[in-house]
Amino acid sequence: MSPVRLEKRGALALIIIDNPPVNALSQPVREGLWHAIVEADEDAAVEAIVLHGAGRNFIAGADIREMDQPHREPYLYVLLSRLEACRKPVIAALHGHTLGGGFETALASHYRCATPDVQIGLPEVKLGLLPGAGGVVRLPRLIGAKGALDLITSGEPVAFERACALGLIDRALGEGDVVEQALSYAQELIASGASPRRVSDLPFPDADAANDAFFAAYRKGLSRSARRLEAVERIIQAMQAAATLPFDSALVRSRELFEECRKSSQSAALRHLFFAERGSREGSGAAARKVQRVAVLGAGTMGSGIATSCVTSGLEVTLVDLEPKALEAGVARLQSSLDSAVKKGRLAPAAASEARARVRVSTDLAAVAGSQLVIEAVYENLAIKQDVFRKLDAVCDPGTVLATNTSTLDVERIASVTRRPQDVLGMHFFSPANVMRLVEIVRARATAPETLATALAVARRLGKIGVVVGNCFGFVGNRMLYAYGRENQLMMLEGAAPERIDRVLEEWGMAMGPNAVGDLAGLDVGYRVRREQHNAPRDPRYYRVSDVLAELGRYGQKTGRGFYLYTATGERQPDPQLPELIRAEAQRLNVRQREISDTEILERCLYALVNEGARILEEGIAASPADIDVIWVNGYGFPRTRGGPMFYADTVGLPKVLEAIHKYEAEQGAQYWTPAPLLQELATRGASFASWQAERERQRTSA
Ligand code: 3HC
């Protein structure tokens, strides 16, 4: 059955797109639309056509799943030109998400009406694409080149009021049924003798002002991250074409540029992440327990950040810290996060007051009673955490989910001190917890499926991406970080300056180099964790540079010096004394210093990640390579446009990765560079992590 229906309502033709869950414009939808549009346009009894998307939204865009396949007609931009050419008024009835190709469909319609729940936008850039079905050519004709560029290069949607103010909506509808209201609007248009009104007939506004100087200035004003996106440059080129060429030629040019984007590795990476981020939050199918009341134990940076995230998402929070001063400081931090969210326009003042009112505080652990979820965020020490969990076991109701925010400790050993290990898991948040989107949800042996489902549902409620991982030192993210950081540390001993390593990795796309990150997190933190690490390699070079700095009290930003020196305004500068300090330590450890190339810096850091990731997959600590990618992109500043470490390895080609690993094995020794058996096997048979995962899924579904 076609996902598109044509219903006659008197003189009106109602075209309904019904392609759950989001009415994506897949090939059957485009084909169905083509037939419905032609039939309605040619039917002499039809005086106007209303386009409606069934379900919760109008149309969320082109079907992203089709973008890796050969394109099948009708092309969307051709279909929309046919829609716009209709000889009777076409009215788009907008509600919910009206995005990408969906908004382009609305722009090709003659009149647009919308209910207040509408969200309108062109988010293609987030997939490394540009609007390829006329959006770049039509939108500026309605709102000008600058407004259109801002909307398209940011990819951010606009809500109802803003859409009305921009002139994107001709008729603002009320809260009620969108179809009935749109049909009445269409009747009104017929009664008033309204005719088709085509955006393509409008001139490009201020064509003189949209000259080379305007576009040069626009390019100059782009942020560093926008400049890194190849799609942004192509959007600007498409807009330049729209400003200078006749409508049809500009449309064809935008289509060519869209195709270039679609074939780019950046877009492939971003599309991979689109599905990976959605796939990772899938649970075991078990039902989640209801959570409205959360207790957070420990009001330090992590605890107060987690509490902030919970209250801004509508949960009630009891924040507990046995130290009154720490509790006070935690509440002050929470308040200041709320204030800053209001200042940045991310939170309405009333919502901030309501969030603050949802916080209770206590210095007594017994106050957690009655909570449905407890998140422990006390000092990172096994004995302390076990003591807390013993007490929680005594005071919490049966069925309360007990989560530890440990980043490295053994969740099994924490769960084992309770009489309810089935209710215990890890919820590893990332700092600052009210900002970072990732939560590693750590499954211990006895953790029940409902407990996992509950943690995943809470992560989603907090607007975060929860990824289920297995229990081992550092879980997925930090375990890989240790391998990445290890190579960074060894290369410093071997003569690469910290700022050079940071620069090479930042130019490659990492949000921050490892040494700048170390200074930000505090070098004392890692130092303390390593003292507790039972499985650290017996190697005097292991994290030695960090340890030397920590032993000198150079903890990073908080002490004004670490790998860098920090100015009063927080700017980082290389420390001229550091090379000598590192050289002396290298000499003491008999490490020969030498020239290290940029390629070696990249390969040793990135392939160490990939090799550890492959071991993590072998051991079943991560469920899929895509989960590892989601973790590294959302928790560790890995560039989205590279898709995550495992996706990146696939794009390099596993044989090439393996060859480099063998080279470092020969040069550096087998201790750190023995290839993971999985990587070796896949590279040898010409497979990739993605094809390995696809094979496993096929086997699972056929079993
Ligand atoms: N194509 C294919 N599948 C899509 C899709 C799309 N455009 N949009 C959403 N889906 C799928 C999701 O993968 C998910 O599938 P799953 O249930 O199997 O995991 C399901 O629809 C529901 O999506 P979400 O879980 O994301 O639902 P939410 O309610 O959280 O969010 C949304 C809804 C805001 C519409 C969000 O899905 C979204 O942002 N979608 C992408 C929108 C987009 O980027 N559109 C532009 C596409 S490119 C384009 O139009 C090119 C054109 O210019 C030619």
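Quick caveat: nothing in here was measured; it's all calculated off a predicted structure. (Residues numbered from 1 in each chain as written. Predicted model: local features only at pLDDT ≥ 70, side-chain atom pairs only at ≥ 80, totals over all residues. Heavy atoms only, no water.)

Colleague: Residues and numbers for the overall build of the chain, please.
Modeller: Check the secondary structure of the chain and you find 31 helices and 19 strands. Along the first, second and third principal axes, the C-alpha set of the chain runs to 90 × 60 × 60 Å. When the accessible surface of the chain is totalled, it reaches about 29,300 Å², and 52% of it is carbon and sulfur. Each charge class in the chain can be summarised by its mean position, and for the 83 positive and 85 negative side chains these summaries are 3 Å apart. (Helix = DSSP H or I, 4+ residues; strand = E, 2+ residues; numbered from the N terminus. Areas by Shrake-Rupley, 256 points an atom, 1.4 Å probe, with all protein chains shown as cover. Lys, Arg positive; Asp, Glu negative; His and termini not counted. Charge placed at Lys NZ, Arg CZ, Asp CG, Glu CD.)

Colleague: Lay out the domain arrangement of the chain with the relevant residues and their values.
Modeller: Domain annotation of the chain identifies domain 1 (4–267), domain 2 (293–469) and domain 3 (477–696). Relative to domain 3, the C-alpha centre of domain 2 lies at a distance of 29 Å. Every contact between the two is made by 18 residues of domain 2 and, on the other side, 13 residues of domain 3. Between domain 2 and domain 3, the buried area comes to about 1,200 Å², and carbon and sulfur atoms account for 57% of it. The interface formed by domain 2 and domain 3 holds 0 salt bridges in total. At the junction of domain 2 and domain 3, the tally comes to 3 residue pairs in polar contact (both at pLDDT 80 or more). Secondary-structure elements contributing two or more residues to the side of domain 2 that touches domain 3 are strand 16 (438–443) and strand 17 (465–470). Examining the composition of the side of domain 2 that touches domain 3, we find that 4 residues originate from one element, strand 17, more than from any other. Residue composition of the side of domain 2 that touches domain 3, grouped by class: 10 nonpolar, 4 polar and 4 charged. (Domains from an automatic or database assignment. Contact = heavy atoms within 4.5 Å. Buried area = accessible area lost by both parts, 1.4 Å probe. Salt bridge = Lys/Arg side-chain N within 4 Å of Asp/Glu carboxyl O. Polar contact = N/O pair within 3.5 Å; in protein donor to acceptor, adjacent residues only side chain to side chain. Nonpolar A, V, L, I, M, F, W, Y, C, P; charged D, E, K, R; others polar.)

Colleague: Could you give me a rundown of unusual backbone geometry, with the residues and numbers involved?
Modeller: Backbone torsion omega between P20 and P21 reads 5°, so that peptide bond is classified as cis. Residue placement: P21 occurs in the loop between strand 2 (12–17) and helix 1 (27–42). In this structure, the amide linkage connecting E73 to the following residue, P74, adopts the cis form with an omega of 0°. Its place among the elements puts P74 in the loop between strand 3 (48–53) and helix 2 (76–84). The backbone of N23 sits at a positive phi, close to 60°, despite the residue not being glycine.

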